[in-house]
Every structure is written in C-alpha cells, then in structure tokens.
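Notes for the structure review
The residues making up each chain are set out below.
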Amino acid sequence: TKKLDMREGITFTVYSDGEGIEKIFPFDIIPRVIQCNEWEHIESGVRQRLKALNIFLKDIYHQQFILRDGIIPSSLVFSCPNYLRQMMHVDVPFDIYTHISGIDLIRDSDGSYYVLEDNLRTPSGVSYMLENRKMSSRIFPNRLVENKVRSVGHYPDLLIKNLLALGSHLSDRPNVVLLTPGIYNSAYFEHTTLARLMGIELVEGRDLVVQNNFVYMKTTRGLRKVDVIYKRVDDEFLDPLVFKSDSMLGVPGLYHVYRKGNVNIVNALGNGVADDKAVYTYVPDMIRYYLNEEPILKSVPTYQMANEEEREYTIQNITNMVVKKTNESGGYGMLIGN
C-alpha cells in the first residue's frame, strides 16, 4: 500500500517530527463499513452540532447572548487567541460561518459515537477519503457496488456548487479560487486535488491583489475579479495590514474587502473561537441553549486544567488521558498519556 500511495503522490506533512517533510499517508486495504442506520444517526448529530456552532459564532461576534446569560464564561472566550475582535459586528454573507467542517468522531467499545473535536477553521482530509475510495474501488472492483456502499465521488461537484452559490449575490458567474499557502503546506496535496477536481484556480497570496475595494486575480490577460475565496491559509496570515504584519502568505487589504461584503471567504474568519479545546466542553450546552434540544452525539469526557480538582485527577490518571493545548489544531500541542 505504501507503493500505491507513493505513486499517487498522497502525502501529508508532519512538521514537528524532524524526519523530513513529506510522509506517506497510510491506507488500510480493508474498508470500515458503517451501516445506513448508524450513518443517519451520525449525520443528524453532526448537523445538530454544526447548526449550534454556527449560531454560536454569529452570537459571539454580535449580541453575545450566550455570555450575558452565563452559559459560557466570558473570560474563556475573550482570552481565546482565536477570538478575532476584528470580526465583531461583521455580517458574513448568508450568516454562514462554518461552510466546511471536519468533525472528528470516535466509536466506543459499546458502539456509541463520540465527537472528539470540531474543526471549523481550515478542515483538512477530504481528499484522502476520495483517494482511499478510489483505491478501494480498484482493489475490489465489484465489492462496493454489490454491497450498496454509497458513492463519495460527487463531493467536489457538491463543494463547487455550494461555493458558486456563496458568490451568487456578487456576480451572475462567480469566480471561485482556492487560496493555498504553497507547496510546503502539510495539506498541499489536498489543495491541488480539490482545485483540479472542481476546475478552479489554485492561487497563492502573491497571485491576488486588492484594488478599489475588490479582490482581483492576476492573469496573463490582466486582472480578473474574485468573488469567493476558499481559503486554506490560517486567519492570522491572511492580511498583513490587519493581522501578522510579516506574513508573506496573505493579501494586503483583503480583510477590508471582506468586511465591506465584496468577497466571500470560506470558512469565515474568527471560527477558531468555536473549535477551541476549552470551548468544546460547552458545545452540549450550546445545543440546549440555541436549539432547545438534547445533543444527539456525545462529547468525550473532558477535564479543564484551570479546575484544581480536575487537574489533580488528570495527573493521577495521566496514562488514560490525552492532554491538549486549548488553542491548537491539526494534532499539534498534545500529549498522549500512555
């Protein structure tokens, strides 16, 4: 299987291991089949969770009702490094913050599904799912069809359809681009794959320019207006005039164009406050507060290190724990106890 992955160029970068840059993405020949009734349960649970998280993001950057009512401590939100004050009172198109989400699930020994974490900033991994299915279909050409396994190949078509719809208020024929940090990014394989499958331009920050409160792409035929940016660049690198001043990955002036509503950015800026590891513990409360429903999917029991008793319990049982840094994502800043 490693030869297969190498030939296909399916790699993922682990920056912190010091062994070089690109790693072969592991592939399990035997697929894990999820039955239809199980999937419907997962789907309804994920939909419910994302609906609540999206409302939370709108609320936290506008009226902040959830803080006023004491459901979530204000200090937890305002101390979060991913809470962007620049997004306060910014109306995002169609009130959608979480266009594309990566919800990590685990299954317990009793068959129950738990949400491990929510990824709402620049979720990564769907291209590996598409490539895995392609390989499975090659290895077992008839088995998937015979067992009525649902197709996943329509994902790029569904994604581009949604991205075009998100630019429909800006143009009759919206121009969509995928913004990548470049070839050294951990998920560059995914960026190139999705851009190719959707038939859109793969651009870096230097390929875009802001003029007269609009974003344009540089082409050999001159400038072409951009309506929707599917960003795979972290928020803090997106506009050096507003965030990290030394960023070479972003587009100067992009934030103000976004704030004016002249470009749609997918996912919205400031989403990191909703997938923070400490805020994660309050998602079931969000579901009850905003939707008046009980959570369909469980959350993993989580202990907050600010609480002295919980910290002591964690230290005593460290071999059964996974310790995560609250504001990190992508597998960084974590310790697996055993």
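For clarity, every value in this text was computed on a predicted model and none was experimentally measured.

When you go through the protein chain residue by residue, the secondary structure sums to 11 helices and 14 strands. The C-alpha radius of gyration computed for the protein chain amounts to 21 Å, which stays within 12% of the reference 20 Å derived for 338 residues, consistent with globular compactness. Considering only C-alpha atoms, the protein chain reaches an extent of 60 × 55 × 40 Å along its principal axes. Out of the 338 residues in the protein chain, the part that is buried amounts to 42%. A sequence separation of at least 24 residues applies to 63% of the contacts in the protein chain between residues at least 6 apart. Of note, the protein chain has its 38 positive side-chain charges centred 6 Å away from the centre of its 42 negative side-chain charges.

The strand order across the open sheet formed by 3 strands is S3-S4-S12, and the pairing between neighbours is mixed. In this open sheet, the two edge strands, each paired with only one partner strand, are strand S3 (102–107) and strand S12 (298–299). Where strand S4 (residues 113–119) meets S12, 2 bridges bridge the pair, whose relative direction is parallel. Note that in S12 the partner of Val-115 across the bridge is Ser-299.

A few words now on the packing of aromatic side chains. Going through the model one piece at a time under the given rule, you end up with 7 aromatic pairs. Ring geometry for Tyr-61 and Tyr-83: centres 5.4 Å apart, planes at 0°, overall stacked. A residue pair is termed long-range when its members are at least 10 positions apart, and Tyr-61 in the loop between helix H2 (36–60) and helix H3 (65–68) and Tyr-83 in the loop between helix H4 (74–78) and S3 qualify at 22 residues. Grouping residues by exposure puts Tyr-61 and Tyr-83 together as buried. Among the aromatic residues, those joined into a cluster by ring pairs are Tyr-61, Phe-78, Tyr-83 and Tyr-97.

Moving on, we come to the pattern of salt bridges. In the structure shown here, the tally under the stated rule is 15 salt bridges. With its nearest N and O atoms 3.5 Å apart, the salt bridge here joins Glu-204 to Arg-206. According to the relative accessible area criterion, Arg-206 is exposed, its value standing at 60%. Between Lys-225 and Asp-227 there is a salt bridge, with the nearest N and O atoms lying 2.5 Å from each other. The exposure class of Asp-227 is buried, given its relative accessible area of 2%. Bridged by salt links that share partners, the residues Glu-117, Lys-277 and Lys-324 form one connected network.

Relative to the assigned elements, Asp-234 resides in the loop between strand S10 (228–231) and helix H9 (254–260). Accessibility expressed as a relative area gives 37% for Asp-234, which makes it partly exposed. C-alpha separation for the pair Asp-234 and Lys-244, spaced 10 residues apart in sequence, amounts to 11 Å.

Where strand S8 (residues 214–219) lies against strand S9 (residues 222–226), 5 bridges are found, and the strand directions are antiparallel. Within S9, the position partnered with Lys-218 by the bridge is Leu-223.

This part covers the sheet that holds strand S7 (residues 208–211). Read from one edge of the open sheet, 3 strands run S7-S8-S9, paired in antiparallel fashion. Whereas interior strands pair on both sides, the edge strands pair on one side only; in this sheet they are S7 and S9. Between one strand and the next, the sheet's axes are offset by a mean angle of 40°, whatever the strand orientation.

So, on to the packing of helix H5 (residues 126–139) against helix H8 (residues 188–198). Contact pair H5 / H8: the axes reach a minimum separation of 9 Å and the direction vectors enclose 70°. Considering the angle they form, H5 stands roughly perpendicular to H8. Across the interface between the two elements, Val-126, Ser-127, Tyr-128, Leu-130 and Glu-131 from H5 touch Phe-189, Glu-190, Thr-193, Leu-194 and Leu-197 from H8. For the contact of H5 with H8, a count of residues per class yields 6 nonpolar, 2 polar and 2 charged.

Attention now moves to the pairing of strand S5 (residues 176–179). Side chains Val-176 and Leu-178 of S5 all project onto a buried face; the interleaved residues Val-177 and Leu-179 project onto the opposite face, where all are buried too. Pairing of S5 with strand S6 (residues 201–203), which is carried by 3 bridges, proceeds in the parallel orientation. Bridge assignment links Leu-179 to a residue of S6, and that residue is Val-203.

This part is about the side chain of Gln-48. Position of Gln-48 relative to the elements: it lies in helix H2. Within the local environment of Gln-48, its side chain forms a polar contact with the backbone oxygen of Glu-294, the two atoms lying 2.9 Å apart.

A rise of 1.5 Å per residue sets the reference length of H5, with its 14 residues, at 20 Å; its end C-alpha atoms lie 20 Å apart and thus fit the reference within 8%. Residues of H5 that are buried: Val-126, Ser-127, Tyr-128, Leu-130, Glu-131, Met-135 and Ser-136.

Rules behind the numbers
- Residues numbered from 1 in each chain as written.
- Predicted model: local features only at pLDDT ≥ 70, side-chain atom pairs only at ≥ 80, totals over all residues.
- Heavy atoms only, no water.
- Helix = DSSP H or I, 4+ residues; strand = E, 2+ residues; numbered from the N terminus.
- Rg over C-alpha atoms; globule rule 2.2 N^0.38 Å.
- Buried < 20%, exposed > 50% of the residue type's maximum accessible area, 1.4 Å probe, protein only.
- Contact = heavy atoms within 4.5 Å.
- Lys, Arg positive; Asp, Glu negative; His and termini not counted.
- Charge placed at Lys NZ, Arg CZ, Asp CG, Glu CD.
- Pairing = 2+ DSSP bridges.
- Phe/Tyr/Trp six-rings, centres within 6.5 Å; stacked < 30°, edge-to-face > 60°.
- Salt bridge = Lys/Arg side-chain N within 4 Å of Asp/Glu carboxyl O.
- Axes fitted to C-alpha atoms, helices over the stretch in contact; angles between N-to-C directions.
- Parallel < 35°, antiparallel > 145°, perpendicular 65-115°, else oblique.
- Nonpolar A, V, L, I, M, F, W, Y, C, P; charged D, E, K, R; others polar.
- Polar contact = N/O pair within 3.5 Å; in protein donor to acceptor, adjacent residues only side chain to side chain.
- Expected span 1.5 Å × (residues − 1).

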